[in-house]
Amino acid sequence: MGIVETQAVVLQTYQLADADKIVLCMTEKAGLVRGVARGARRLKSKFGASLEPFTLIHLTFFEKETRELVTIRGAEIIKSYFDAAGNAQAFEGLVYLLELVKEFALPHQADEKLFKMLRACVDFLAQNPSKANAVSAYSELWTLKLTGFLPEFKSCGYCRMSLDETYSGQRHISYEGVLWCQACTEGRAQPLGDDAYKLLSSTRRSGPHQWAQNYAGALEESRRVVSEIARRLVRRALEREPRAGKTSQAQL
Ligand SMILES: [Zn+2]
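Residues numbered from 1 in each chain as written. Predicted model: local features only at pLDDT ≥ 70, side-chain atom pairs only at ≥ 80, totals over all residues. Heavy atoms only, no water.

(A) Inspection of the coordination of the zinc ion at higher detail. Surrounding the zinc ion are the protein donor atoms Cys156 (SG), Cys159 (SG), Cys181 (SG) and Cys184 (SG), which sit 2.3 Å from the metal. Note that the zinc ion binds four donor atoms; their angles at the metal cover 99 to 117 degrees, and the shape is tetrahedral. We note that the donor set of the zinc ion lies within a single chain, spaced as C-x2-C-x21-C-x2-C. Its relative accessible area of 38% is what places Cys159 among the partly exposed residues. (Donors = N, O, S within 2.8 Å, 3.2 Å for Na, K, Ca; no water. Tetrahedral: all angles 85-135°; square planar, octahedral: opposite > 155°, others 65-115°. Buried < 20%, exposed > 50% of the residue type's maximum accessible area, 1.4 Å probe, protein only.)

Okay, here's the thing in structure tokens:
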């Protein structure tokens, strides 16, 4: 409570009254934060161009225990992605990334790893717009991992046999993302080739740059399968969990 200083990525802004803005940020120290920036829409605002989506800022805000909406006291740009957002591919990827974090991050609950993932992916995507598909799948899998929704992808969901890279049989993956060995599958699950398994399981060990290389090096079919699995698991997780911040957004 009180004054908080933290790095943050601006996710979304809304107009409020004539001169003010409501700003939704993913912060390093306080998770999702929704704040009001008084006078931010005036021409000579002290916030300048800092409160624009995708911008990495140094944020100072004041929070009261009883109120969900904080008061933004200051914001300085650390890195602006204004130019990158002009590229259609990068823009689409960035918008999706921000949506993802908005859906999964919890209000006022620090998640430094999720913040770090977001910061790294925004940065990587801005420099490599053509890798937007790789970044989307990567950020989906990591968001699921950090919020406890990513299956282990290590052993058979029934007999517990290890299905790591030394397994020589045919792996299968269920709709829920559970792996099955060749003997247990009983045709309930989709076959998962070695190459796709390798790509999927490398997520836990790679940063966005390394993973984009793994993704580029994988077979086209594996890329498609892994992207599909990631998207499906995100949809399932969101159905199970109410959307973070939904209530407060409806109140605005
Ligand atoms: Zn089994």
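Let's pick the thread back up.
(B) Structural view of the pairing of strand E1 (residues 2-16). Direction of pairing for E1 relative to strand E4 (residues 56-63): antiparallel, over a ladder of eight bridges. Note on E4: the bridge partner recorded for Ile3 is Phe62. Pairing analysis gives eight bridges linking E1 to strand E2 (residues 20-27), with the strands arranged antiparallel. For Gln12, the partnering residue across the bridge sits in E2 and is Leu24. (Pairing = 2+ DSSP bridges. Helix = DSSP H or I, 4+ residues; strand = E, 2+ residues; numbered from the N terminus.)

(C) Representation of the sheet that holds strand E7 (residues 179-180) in the model. Taken in spatial order, the three strands make up an open sheet running E7-E6-E8, and their pairing is antiparallel. Lying at the two open borders of the sheet, with one neighbouring strand each, are E7 and strand E8 (190-192). Alignment of strand E6 (residues 171-173) against E7, held across two bridges, turns out to be antiparallel. Bridge pairing links Ile173 to Leu179 in E7.

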